[in-house]
Amino acid sequence: MNSSKFQYVTYIRATPQHVWDALTLPEITPKYWMGVVHETDWQAGSPWKLKFPDGRLADSGSVESFDAPRKLVLRWQHQMDPALTAEGVSRCEIQLEPMGDLTKLTKLSVTHTMDVPESKFIAAVSFGWPMILSSLKSLLETGQPLAMPTNPSRAK
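Our subject in this report is the structure included herewith.

Cut-off values and rules
- Residues numbered from 1 in each chain as written.
- Predicted model: local features only at pLDDT ≥ 70, side-chain atom pairs only at ≥ 80, totals over all residues.
- Heavy atoms only, no water.
- Helix = DSSP H or I, 4+ residues; strand = E, 2+ residues; numbered from the N terminus.
- Rg over C-alpha atoms; globule rule 2.2 N^0.38 Å.
- Buried < 20%, exposed > 50% of the residue type's maximum accessible area, 1.4 Å probe, protein only.
- Contact = heavy atoms within 4.5 Å.
- Areas by Shrake-Rupley, 256 points an atom, 1.4 Å probe, with all protein chains shown as cover.
- Lys, Arg positive; Asp, Glu negative; His and termini not counted.
- Charge placed at Lys NZ, Arg CZ, Asp CG, Glu CD.
- Salt bridge = Lys/Arg side-chain N within 4 Å of Asp/Glu carboxyl O.
- Phe/Tyr/Trp six-rings, centres within 6.5 Å; stacked < 30°, edge-to-face > 60°.

A few words now on the overall build of the protein chain. In terms of helices and strands, the protein chain carries four helices and seven strands. Each helix and strand of the protein chain, placed in order from N terminus to C terminus, yields the pattern β-α-α-β-β-β-β-α-β-β-α. Relative to its length of 156 residues, the protein chain is compact, with a C-alpha radius of gyration of 15 Å against a globular reference of 15 Å. Counting only C-alpha atoms and orienting by the principal axes, one finds that the protein chain spans roughly 45 × 35 × 30 Å. Buried positions account for 39% of the 156 residues belonging to the protein chain. Taking all contacts inside the protein chain whose residues are at least 6 apart in sequence as the whole, residues at least 24 apart take part in 48%. A total accessible area of about 8,300 Å² is found for the protein chain, and carbon and sulfur atoms account for 52% of it. When the 16 basic and 16 acidic side-chain charges of the protein chain are each reduced to a single mean position, those positions are 3 Å apart.

Next up on the list: the pattern of salt bridges. For the structure shown, the criterion picks out six salt bridges. Several salt bridges converge on common partners, so that one network encompasses Glu64, Arg91 and Glu93.

Position of threonine 15 relative to the elements: it lies in the loop between strand 1 (4–12) and helix 1 (16–24). Given the relative accessible area of 19%, threonine 15 is considered buried. With sequence-adjacent residues up to four places away left out, threonine 15 is seen in contact with Thr103, Lys104 and Thr106.

Attention shifts here to unusual backbone geometry. Look at the link from alanine 68 to proline 69: it is a cis peptide, with omega at -15°. Looking at the secondary structure, you find proline 69 in the loop between strand 4 (57–67) and strand 5 (71–78). The phi torsion at methionine 34 lies on the positive side, around 50°, for a residue other than glycine. For methionine 34, a relative accessible area of 25% gives the class partly exposed.

On to the packing of aromatic side chains. We describe a pair of aromatic rings using the distance from one ring centre to the other and the angle between the two ring planes. Applying the stated criterion to the full structure yields seven aromatic pairs. Ring pairs connect the aromatic residues Tyr32, Trp33, Trp48, Trp76 and Trp129, which therefore count as one cluster.

And the structure:
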């Protein structure tokens, strides 16, 4: 079966634990991710939701695996655009690796896949992930996230 895949790697001047906390703690995530929050208890098999500050549901799915502070896998389905929702469930894997003896440098890798050829959802996340992860990197390295557009889908 043909599938679609997006991969992204960045290096962040922070420990894997600090990066992990930023990815999972509800008081940090909205700072770099346009105000969105994750609703989950971060247990394998638990439901997962990504919500905007006004309560709108952006994405939902489940936690496939949670291995702090190394690997997080989500089953992820978009909920706002019916055409993207119709493509079904994607798989998002986030891995953190300390870089050798440099304990304050973390390699962050995201692989987002979907069993749909030329997926419009994967095309959308290939625009969104670099922006979100750049904002995360900026927040952890400087204390300030990037100034983000209020409607990133219109920022193209």
